[in-house]
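A look at the structure
Chain residues, written in single-letter form:
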Amino acid sequence: MNIDLTTEELAFRDEVRQFLAEKYPEEIRRKRLDGIPLEKDDMVLWQKVLNERGWFAVNWPVEYGGTGWTPIQKYLFAIELAEVNAPPIVAFGVKMVAPIIYTFGSAEQKQRFLPDILASNVWWCQGYSEPGSGSDLASLSMRADRRGDHYVVNGTKTWTTLGQYADWIFCLVRTSSDVARRQEGISFLLIDMKTPGVSVKPIITIEGGHEVNEVHFDDVSVPVDNLVGEEGKGWTYGKVLLQHERTNIAGVANSQYRLSRLKEKSAQSVHGGEPLINDRNFARKIAALEIELKALEYTELRTLASVAVGNAPGPESSYLKIRGTEVQQSLDALMMEAAGYFALPYIPSQYGLDFPVADRIGSGSETSTSLRYFNNRKASIYGGSNEIQKNIIAKHVLGL
Amino acid sequence: MDFSLSEEQSMLADSVAKFIDADYDFESRQQFASDKNGYSEAMWRTFAELGWTAVPFSEPDGGLDGGPIELMLMMEQFGRGLVVEPYLANIVLAGGTLRRNANDAQRTKWLQPLIEGELQSSLAFAEPQSRFEITDVATSARKDGDGYLLNGNKSFVLHGENAGMIVIPARTSGNQRDEHGITLFTMPGDADGLTRRGYATVDGLRAAELSLDNVRLPADCVLGEEGEGFPTLSSVIDEATLAVAAEAMGIMQKMHDKTVEYTKSRVQFGVPISSFQALQHRMVDTLMLCEQSRSLLYWCVMLVNAGDPQARKAISALKYQVGTAGIKVAQEAVQLHGGMGVTWDLDIAHYFKRMTAIDLMFGNADHHLDRFISTAA
Ligand SMILES: Cc1cc2nc3c(=O)[nH]c(=O)nc-3n(C[C@H](O)[C@H](O)[C@H](O)COP(=O)(O)OP(=O)(O)OC[C@H]3O[C@@H](n4cnc5c(N)ncnc54)[C@H](O)[C@@H]3O)c2cc1C
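Residues numbered from 1 in each chain as written. Chains lettered and ligands numbered in written order. Predicted model: local features only at pLDDT ≥ 70, side-chain atom pairs only at ≥ 80, totals over all residues. Heavy atoms only, no water.

A short note on the overall build of chain A
- Helix and strand content of chain A: twelve helices and ten strands.
- For 400 residues, the compact-globule estimate of 2.2 N^0.38 gives 21 Å, and the C-alpha radius of gyration of chain A, at 22 Å, lies within 12% of that figure.
- For the C-alpha atoms alone, the extent of chain A along its principal axes is close to 75 × 50 × 50 Å.
- Residues classed as buried in chain A amount to 50% of the 400 residues present.
- Pairs at least 24 residues apart make up 72% of the contacts formed inside chain A by residues separated by at least 6 positions.
- When the accessible surface of chain A is summed, it comes to about 18,100 Å², and 52% of that surface belongs to carbon and sulfur atoms.
- Each charge sign in chain A was given a centre, from 43 positive and 50 negative side chains, and these centres are 4 Å apart. (Helix = DSSP H or I, 4+ residues; strand = E, 2+ residues; numbered from the N terminus. Rg over C-alpha atoms; globule rule 2.2 N^0.38 Å. Buried < 20%, exposed > 50% of the residue type's maximum accessible area, 1.4 Å probe, protein only. Contact = heavy atoms within 4.5 Å. Areas by Shrake-Rupley, 256 points an atom, 1.4 Å probe, with all protein chains shown as cover. Lys, Arg positive; Asp, Glu negative; His and termini not counted. Charge placed at Lys NZ, Arg CZ, Asp CG, Glu CD.)

Remarks on unusual backbone geometry
Residues and elements named next belong to chain B.
- Unlike most non-glycine residues, Arg131 shows phi in positive territory, near 50°.
- Counting through the fold element by element, Arg131 comes out in the loop between strand 1 (121-123) and strand 2 (140-144).
- Phi at Phe156 takes a positive value of approximately 50°, unusual for a residue other than glycine.
- Here Phe156 is to be found in strand 3 (residues 147-158).
- On the basis of relative accessibility, which here comes to 28%, the residue Phe156 falls in the partly exposed class.

Topic: the site of the ligand
- Neighbouring the ligand are 20 residues, the closest being A:Ser135, A:Trp159, A:Thr161, A:Ser385 and A:Glu387.
- Neighbouring residues of the ligand are not confined to a single chain but are spread across chains A and B.
- The separation between an oxygen atom of the ligand and a polar side-chain atom of A:Ser385 is 2.6 Å.
- About the coverage of the ligand: the protein hides 68% of its 970 Å² of free accessible area. (Near = heavy atom within 4 Å. Polar contact = N/O pair within 3.5 Å; in protein donor to acceptor, adjacent residues only side chain to side chain.)

A short note on the domain arrangement of chain B
Residue and element names in this part refer to chain B.
- Entries for chain B in the domain assignment read domain 1 (7-119), domain 2 (122-227) and domain 3 (231-374).
- Using C-alpha coordinates to define each centre, domain 2 is positioned 31 Å away from domain 3.
- Contacts between the two partners involve 13 residues from domain 2 and, on the opposite side, 14 residues from domain 3.
- Summing both partners gives a buried area of about 1,100 Å² for domain 2 against domain 3, and 80% of it is carried by carbon and sulfur.
- For domain 2, the biggest contributors to the area lost against domain 3 are Phe132, Ile134 and Asp203; these three give 46% of the whole.
- For Arg354, the salt bridge goes to Asp203, with nearest N and O atoms at 2.7 Å. (Domains from an automatic or database assignment. Buried area = accessible area lost by both parts, 1.4 Å probe. Salt bridge = Lys/Arg side-chain N within 4 Å of Asp/Glu carboxyl O.)

Observations concerning the interface of chain A and chain B
- The interface of chain A with chain B comprises 35 residues on the first partner and 41 residues on the second.
- Here chain A meets chain B over a buried area of about 3,500 Å², counting both sides, of which 69% is carbon and sulfur.
- Looking only at chain A, the three residues that lose the most surface to chain B are A:Met1, A:Ile291 and A:Arg302, adding up to 25% of its buried area.
- Between the two partners, chain A and chain B, sit four salt bridges.
- Between A:Arg280 and B:Asp370 there is a salt bridge, and its shortest N-O distance comes to 3.7 Å.
- At the surface where chain A touches chain B, the tally comes to 13 residue pairs in polar contact (both at pLDDT 80 or more).
- The leading source of residues in the side of chain A that touches chain B is helix 9 (residues 280-308) of chain A, at 16 residues.
- Each residue belonging to the side of chain A that touches chain B can be placed in one class, and the counts come to 20 nonpolar, four polar and eleven charged. (Nonpolar A, V, L, I, M, F, W, Y, C, P; charged D, E, K, R; others polar.)

As for helix 10 (residues 317-339) of chain A
All names here are of chain A.
- In this model, helix 10 (23 residues) spans 33 Å end to end at C-alpha, consistent with the 33 Å of a helix rising 1.5 Å per residue.
- For helix 10, the buried fraction is high: 18 of the 23 residues fall into the buried class.
- The first or second residue beyond helix 10 is Gly340, which carries a positive phi of 60°. (Expected span 1.5 Å × (residues − 1).)

Structural notes on the packing of aromatic side chains
Residues and elements named next belong to chain A.
- Inspection of the entire model under this criterion finds 32 aromatic pairs over all chains.
- With a centroid separation of 5.1 Å and an interplanar angle of 70°, the aromatic rings of Tyr373 and Phe374 are classed as edge-to-face.
- An aromatic cluster is built from Phe113, Trp124, Tyr128, Trp168, Phe170 and Phe188, whose rings are joined through pairwise contacts.
- Here the basic side chain of Arg261 rests over the ring of Tyr257, its NZ or CZ set 4.6 Å away from the ring centre. (Phe/Tyr/Trp six-rings, centres within 6.5 Å; stacked < 30°, edge-to-face > 60°. Lys NZ or Arg CZ within 6 Å of the ring centre and 35° of its normal.)

So this is what it looks like as structure tokens:
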């Protein structure tokens, strides 16, 4: 047992630091600092910067443009990105659909889709959930009926994150109802959002933002070439994807960054004539959270170490999802608590680009702490709710 | 960053685990705990023969040069087996003090027999008023000719009644709660003026209240420098805190595992109770508490092993974690065993009691959360 990083790992970390010092775009840094929401162009710009260095598709196999990094390198990379408060990568293309395409797709599909994902030329979104099918995803009913060399798609996908920006959507669709297990009638289909019959309607979330949508499909014609792998195997492919999604969900590095900010903030905000951090109750909440986060960091490192010696990332990644989101949500709550009354003004417009930061009510981004708090209740709901994660652990780890 | 064990470390962990499985079942444990001194003398001799009493000591002292990782590995297994033999009192606490401070003569007199399994000893880290503050030492040691006269009371001295030697922190100068002015003495168990009231503790171990009434100790009983005992005391207690945290890890894991097994076999309403989601999610929670605790344990032991300046803070994080998580896991285990969980005959009850004791040992969760806050990184 040894806690030190190797000289190669230290050198790697320096390389990442230097890259970020030189290449992290100033306008994005500024916006993040001021709490101004990023737009599509910002995210694409940052992903392109990463890709120019070959550091965008971190998890892909090297042959398709991945890094070939060790788990520790990936971990260090995430820490360094969080240190500069870099925005999270938009996962749908690079982390979600791409692994399905390079694992199960045809040579033609790899050619057609992977390079544009790598270059962030095409924006993807995820079409799994439906109004009637959330946790019980296998009940999904959006139909794709085969007509010669096309499928005709009818139905509704919902909760489609950032679907308003998307060029393509990857969907689980029902291609057959005439099967022994309902999972066997599900296929994995790639759909161009510009196809006639596709329409996107915003869903406004609790804090007033627009990040999710309902996507309607009305007699949408999709070439059979867009089916990934075999018809009826979509469920199996989707499960692989869910596992990818979960290993990225703990968000340890980002939570560490936010914990430091919380400590800074509570050293500044005043309570009873003293810095808030001197308040025993508050200090204890922060300390308990810091300990939980340290434990989570080492749980993740232990999982990475186990993956490094050849074990597949298994249902253990469900712990990371549960604990990771719990920590994030506790941080949200403490950030809001540290803001005091300034958590309450509801003035989203003061986070607009043209609103002078100095004229904001509350210092810095204080009034956004509550927006974040409310919005991020989603974290324990999406990506397989925390209850569903517990079901997975109960079944696959504990054998209950 | 490497979580793997060396070959020697794996062998040590395996051999202790195998021994616990083969020779330390729960019935034997209960038998040992009911022996005169609260443990089995024969078992202790076996520990010595197996070399376990020598693990943390240096080769020149006749030890095996083990460090915190070896200590953790052994203590986790001792926790799993609910071992009652006084490894903590004798090897970690008294042995740890001697290892750090004893001069050659003291090594020959005390450390040798201790390593060979011939001496039981302890460390009196608490006083009736001190609660968890080890600096709170009211017991006084006054210069008297070429020796010292000791007066005061010591509380909760683990296995104190049958100890052949007890390390006594006593004040030679300063105020009652000063770090400076604490001197460590080796006091023979049969010293004149010493009264010991031994008792059983809820977790099946033994402890004693000591009262020292003009106990006269010669100058060669001083361990280390006069007045400078605190750094040693503090570092020994930190090591012991790590040790009981590792023990707690073994206990937690065992309770969680046994509970999962039990719910699969217990049938109510015509089905195994493990099929109830309300119980499944609680067992998932206890699993995660175990995993989170293990993660902190490894983090902490690696820092201690590296001599990292953060180690002290990490020990507090760990003790807070095992205190809160361990108690939760233990209470859930009892609950999910139903009425069986609160019977004397079932091991679960005794794991629960030991876990409860461990939370209090060397500062409970609250104490360590505050120490975590006040300790600079
Ligand atoms: C902000 C946001 C973004 C999202 N983005 C996307 C996206 O981009 N693409 C996409 O496809 N989907 C997305 N989702 C959908 C998300 O995956 C679903 O919300 C999630 O699967 C839960 O489904 P549901 O909302 O229908 O809740 P339900 O399934 O109705 O669950 C309601 C409650 O019941 C609990 N529950 C359900 N079943 C069980 C069970 N068997 N045991 C115990 N408890 C149970 C749940 O945990 C939850 O607490 C997003 C959701 C949100 C909120």
